[in-house]
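Observations on chain architecture
Below are the chains, spelled out letter by letter.
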Amino acid sequence: MFIPTTQTEASDRGWDALDVIIVSGDTYIDSPYNGAAMIGHWLIANGIRTGIICQPDPSSGADIGRLGEPRLFWSVTAGCVDSMVANHAPTGKFRRDDDFTPGGRNDRRPDRACIAYSNLIKRHFRGKPVVLGGIEASLRRTAHYDAWSDSVRRSILFDAKADLITYGMAEFSNLEIANRIRNGEDLCGIRGTCRISKEPPGGYIGMPSFERCRDEKDAFISAFEIFSGNCDPATAKGLFQLHGDRHLVQEPPARLPTVQELDSFYSLDYEDAVHPYYAAQGPVKAMDTIKNSITTHRGCYGGCSFCAIGVHQGRAVVSRSEDSIVAEAVRMSSRKGFNGIIYDLGGPTANMYGIDCAKKATHGGCTERSCLMPKPCPRLPLNHSRQISLLRRVSAVPGVKKVFIASGIRHDMVVYDRLHGREYLDEVVRSHVSGQMKIAPEHTSSEVLDLMGKPGPDALLDFKDMFEDSNSRAGKDQYLTYYLMAAHPGCRQRDMDELKEFVHEELQTNPEQVQIFTPTPSTASTMMYYTRRNRGNTKDIVSEHSMQMKQKQKETLTGKTGNDRR
């Protein structure tokens with residue numbers, strides 16, 4: 001059942017008023033791929049009457065007032081992507097298209113959407129808290145470098161004049177906020193939230209102030225390391241950061257869900273469709289990507305320096321049970337119009353399903369090494385057998401003709417799984433590739449890869465050999481698609497020249513999927529981009545800031561000119 005978008009829909013449920021109203025920068029796709037929809041259904045399942053307003057007009061009160069005022073709080077998200085990333089290409093040009101807007105024209109999502117929507121609510125309603133959530137608020141919760149203004153900005157909580165931030169995936173924190181407000185309790189100490197306080201809490205770790213981060217790059221680096229070192233639910237401490245005469249207080253992250261809880265999030269009453277109110281306004285291209293797709297797990301321990309997934313979803317993987325995933329496939333296959341194809345069975349990294357270190361749950365991630373770099377940690381039980389079983393069980397669901405893996409595969413994990421890596425690759429090549437398999441080596445320069453937190457070219461070449469062998473034995477003519485990156489911190493023009501030579505001679509391909517590095521807030525790569533220093537602050541590195549030179553690095557590989565659209 002859809003979450004109400006109008007008062008009539010709320011009345012049809014017998015609700016005279018709503019407890020929580022979600023405001024989103026994306027259109028309303030009622031799917032677990034949409035964080036706003038998942039939070040809304042989770043709250044409703046726990047007795048919190050929730051409505052949703054998508055892409056309201058910031059210049060008018062008509063849209064934002066459609067559901068009235070909530071009894072408890074407003075929940076504001078920019079959508080599935082930071083609004084500045086959604087609206088602007090890495091070269092700075094405005095994106096004309098928006099996959100999450102009806103009709104596909106990028107004309108409804110404002111820049112800095114969390115701030116715009118919070119201000120919109122404050123203009124027309126008074127008294128109820130505004131809670132920011134989603135990836136934009138999550139990654140901008142402390143002082144952060146903003147590439148679009150080329151400046152260090154303060155926490156988005158101050159700029160939006162909101163009351164709280166829920167960071168991370170936020171099911172537990174949103175529910176606790178609702179229950180506390182309903183019970184007349186204060187909102188201090190809720191895990192996975194940030195708030196503003198006149199005084200710092202006792203026992204919390206102080207970060208360099210916003211003003212110091214703005215004026216001193218060493219202070220910015222120090223703040224980032226404290227922030228990065230306190231993202232693990234098992235070990236993180238509370239943090240505070242002075243902004244003027246007030247403190248941004250970050251509570252420790254929310255705990256990870258259990259397998260049973262994660263299963264419950266995905267078994268809620270989703271329609272897996274665009275709400276009719278918005279569908280009438282035009283087709284939503286994002287549905288082509290998520291239609292008939294199933295998420296198998298959350299989190300990523302890949303540790304890529306440029307990626308926001310580890311910061312937002314966490315560096316521990318929590319996998320759904322096979323029974324839960326198969327049950328979703330059964331529901332999907334019984335839907336009217338199902339064509340028999342599951343387009344993606346995966347997650348942030350498809351082949352991390354069912355694989356993680358048991359130590360993390362109680363002791364947190366290691367501080368002295370990465371899970372996968374330079375080679376997988378011996379404590380990490382690389383074993384693809386659960387994924388093989390899952391693929392076969394879902395493929396056997398009546399009505400399912402084909403199951404594809406469209407999510408990226410971490411190729412080094414396959415290479416280093418000596419027990420089941422080849423069997424997994426054989427299974428995928430034989431039955432789950434639609435002509436091409438996506439992998440993301442990103443580069444081949446050892447210095448650049450080290451800064452990226454990515455494995456070296458030897459694992460890539462080993463995987464390529466394995467893939468070609470699997471194809472030959474299966475009688476298939478399939479190929480690898482390589483995702484590569486230009487202008488990452490530390491990358492010089494000569495590194496791109498060497499990458500071009502490697503791609504042509506070793507991979508024997510002309511790459512199409514080349515992106516220019518985008519400095520998204522709160523990632524290690526963005527810290528390096530802004531400060532021109534490496535992790536650990538031990539040496540200077542090059543950091544290309546010229547749009548023309550960034551484009552030149554990309555064109556070294558593609559030979560094409562024009563916008564970066566990836």
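Structure shown above.
The present account deals with the structure reproduced in this document. Just so it is clear, the structure is predicted and the values come from calculations on it, not from any experiment.

Details of the overall build of the protein
Broken down by element type, the protein carries 23 helices and 22 strands. Over its C-alpha atoms the protein spans a radius of gyration of 23 Å, differing by no more than 12% from the 24 Å that the globule rule assigns to 566 residues. Counting only C-alpha atoms, the protein reaches 65 × 60 × 50 Å along its principal axes. Long-range pairs, those at least 24 residues apart, make up 75% of the contacts in the protein with a sequence separation of at least 6. Within the structure as shown, the protein displays about 22,600 Å² of accessible surface, and the carbon and sulfur contribution to it stands at 49%. Here the protein contributes 71 positively and 70 negatively charged side chains, and the mean placements of these two sets differ by 1 Å.

Digging into helix α23 (residues 547-558)
Relative to the 16 Å expected for 12 residues at 1.5 Å per residue, α23 spans 16 Å between its end C-alpha atoms, a close match to the ideal helical length. Turning to α23, its buried residues are Lys550, Gln551, Gln553, Lys554, Thr556, Leu557 and Thr558. Tucked inside the fold, the buried residues of α23 contact β21 (479-486), α21 (493-507), β22 (514-516) and α22 (524-531). Two residues or fewer after α23 comes glycine 559, characterised by a positive phi angle close to 70 degrees.

With respect to the sheet that holds strand β1 (residues 20-24)
On the basis of which strands lie adjacent, the open sheet formed by 9 strands has the order β3-β1-β4-β5-β8-β9-β12-β11-β10 and mixed pairing. Looking along the sheet, the strands with just one partner apiece sit at the ends: β3 (50-54) and β10 (205-207). Adjacent strand axes in the sheet meet at a mean angle of 25 degrees, parallel and antiparallel pairs treated alike. Inspection of the sheet shows strand β9 (residues 193-197) paired to strand β12 (residues 246-250) by 4 bridges, in the antiparallel sense. Residue pairing across strands places arginine 195 opposite valine 249, the latter belonging to β12. The strands touched by helix α2 (residues 35-45) within the sheet are β1, β3 and β4 (73-77), with β1 carrying the most contacts at an inclination of about 175 degrees. Lying over the sheet, helix α9 (residues 217-228) contacts β10, β11 (239-243) and β12, oriented at roughly 145 degrees with respect to β10.

Focus: the environment of lysine 237
The topology assignment puts lysine 237 in the loop between α9 and β11. Taking the relative accessible area as the measure of exposure, lysine 237 reaches 48% and is therefore partly exposed. Each C-alpha atom of the pair lysine 237 and isoleucine 205 lies 6.9 Å from the other, and the pair is 32 residues apart in sequence. Among residues more than four places away in sequence, those in contact with lysine 237 are Ile205, Asn230 and Pro252.

A short note on the pairing of β3
Within β3, 5 of the 5 residues are buried, which leaves the element mostly enclosed by the surrounding structure. Across the two faces of β3 the burial is the same, with Thr50, Ile52 and Cys54 and Gly51 and Ile53 all buried. Pairing analysis gives 5 bridges linking β1 to β3, with the strands arranged parallel. Each residue of the ladder has a partner; that of valine 20, found in β3, is threonine 50.

Regarding empty space enclosed by the protein
Following the criterion strictly, the structure yields 5 cavities of 30 Å³ or more and no others. Estimates place the volume of the largest cavity at around 130 Å³. Surrounding the largest cavity, 13 residues form its lining, Ala143, His144, Phe220, Phe224 and Ser522 being those nearest its centre. At 4 residues, the largest contribution of residues to the lining of the largest cavity is made by α9. Here the residues of the lining of the largest cavity sort into 8 nonpolar, 5 polar and no charged.

A closer look at the environment of arginine 191
Considering the arrangement of structural elements, one finds arginine 191 in the loop between α7 (171-182) and β9. Once the C-alpha coordinates of arginine 191 and isoleucine 290 are considered, the two residues, 99 residues apart in sequence, prove to be 30 Å apart. Beyond its immediate stretch of four places on either side in the chain, arginine 191 contacts Ser173, Pro233, Glu251, Pro252, Pro253, Ala254 and Arg255. One polar contact links the side chain of arginine 191 to the main-chain carbonyl oxygen of proline 233, over a distance of 3.0 Å. Among the polar contacts listed, one links the side chain of arginine 191 to the backbone oxygen of proline 253, at a separation of 2.7 Å.

Observations regarding the packing of helix α18 (residues 421-431) against helix α20 (residues 457-474)
Close contact between α18 and α20 brings their axes to 9 Å; oriented N to C, the two are set at 55 degrees. On the basis of the axis angle, α18 is oblique to α20. You can see that α18 and α20 cross each other, and the crossing is right-handed. When α18 is examined against α20, the residues Gly421, Arg422, Leu425, Asp426 and Val429 are found in contact with a partner set consisting of Phe463, Met466, Phe467, Asp469, Ser470, Asn471, Arg473 and Ala474.

Points about the pattern of salt bridges
This structure, assessed with the given rule, holds 39 salt bridges. In this structure, arginine 140 and aspartate 146 form a salt bridge, with 2.9 Å as the shortest nitrogen-oxygen distance. Note that glutamate 216 is salt-bridged to arginine 212, the shortest N-O span being 3.3 Å. A relative accessible area of 39% means that arginine 212 is categorised as partly exposed. Ionic contacts of the salt-bridge type, sharing partners, join the residues Asp16, Asp19, Arg49 and Arg71 into one network.

Considering the packing of aromatic side chains
One pass over the full model with this rule turns up 10 aromatic pairs. Here tryptophan 42 and phenylalanine 265 contribute two aromatic rings whose centre-to-centre distance is 4.8 Å and whose plane-to-plane angle is 80 degrees, an arrangement assigned as edge-to-face. One end of the pair, tryptophan 42, is in helix α2; the other, phenylalanine 265, is in helix α10 (residues 259-266), and 223 residues separate them in sequence. The residues tryptophan 42 and phenylalanine 265 share a single accessibility class, namely buried. The ring of tyrosine 530 carries the charged tip of lysine 217 above its face, separated from the ring centre by 4.9 Å. In this structure, arginine 255 packs its charged tip against the face of phenylalanine 172, placed 4.1 Å from the ring centre.

Remarks on the nonpolar core
Soluble globular proteins tend to bury their nonpolar side chains together. Core analysis: the largest hydrophobic core is formed by 76 residues, its most contacted members being Ile342, Val394, Met437 and Phe463. Per-element tally for this core: the top contributor is α9, with 6 residues. Counting 38 residues, the second largest nonpolar core, distinct from the first, contains Met38, Leu175, Phe265 and Tyr278.

Calculation rules
Residues numbered from 1 in each chain as written. Predicted model: local features only at pLDDT ≥ 70, side-chain atom pairs only at ≥ 80, totals over all residues. Heavy atoms only, no water. Helix = DSSP H or I, 4+ residues; strand = E, 2+ residues; numbered from the N terminus. Rg over C-alpha atoms; globule rule 2.2 N^0.38 Å. Contact = heavy atoms within 4.5 Å. Areas by Shrake-Rupley, 256 points an atom, 1.4 Å probe, with all protein chains shown as cover. Lys, Arg positive; Asp, Glu negative; His and termini not counted. Charge placed at Lys NZ, Arg CZ, Asp CG, Glu CD. Expected span 1.5 Å × (residues − 1). Buried < 20%, exposed > 50% of the residue type's maximum accessible area, 1.4 Å probe, protein only. Pairing = 2+ DSSP bridges. Axes fitted to C-alpha atoms, helices over the stretch in contact; angles between N-to-C directions. 1 Å grid on protein atoms, 1.4 Å probe; cavity = no way out; pocket = protein on both sides within 12 Å on 5 of 7 lines; lining within 4 Å. Points joined across faces, edges and corners; volume = space filled by probe spheres on them. Nonpolar A, V, L, I, M, F, W, Y, C, P; charged D, E, K, R; others polar. Polar contact = N/O pair within 3.5 Å; in protein donor to acceptor, adjacent residues only side chain to side chain. Parallel < 35°, antiparallel > 145°, perpendicular 65-115°, else oblique. Left-handed = near helix turned anticlockwise from the far one by under 90°. Salt bridge = Lys/Arg side-chain N within 4 Å of Asp/Glu carboxyl O. Phe/Tyr/Trp six-rings, centres within 6.5 Å; stacked < 30°, edge-to-face > 60°. Lys NZ or Arg CZ within 6 Å of the ring centre and 35° of its normal. Core = buried A, V, L, I, M, F, W, Y, C linked by side-chain atoms within 4.5 Å.

The analysis is restricted to geometry; functional conclusions fall outside its scope.
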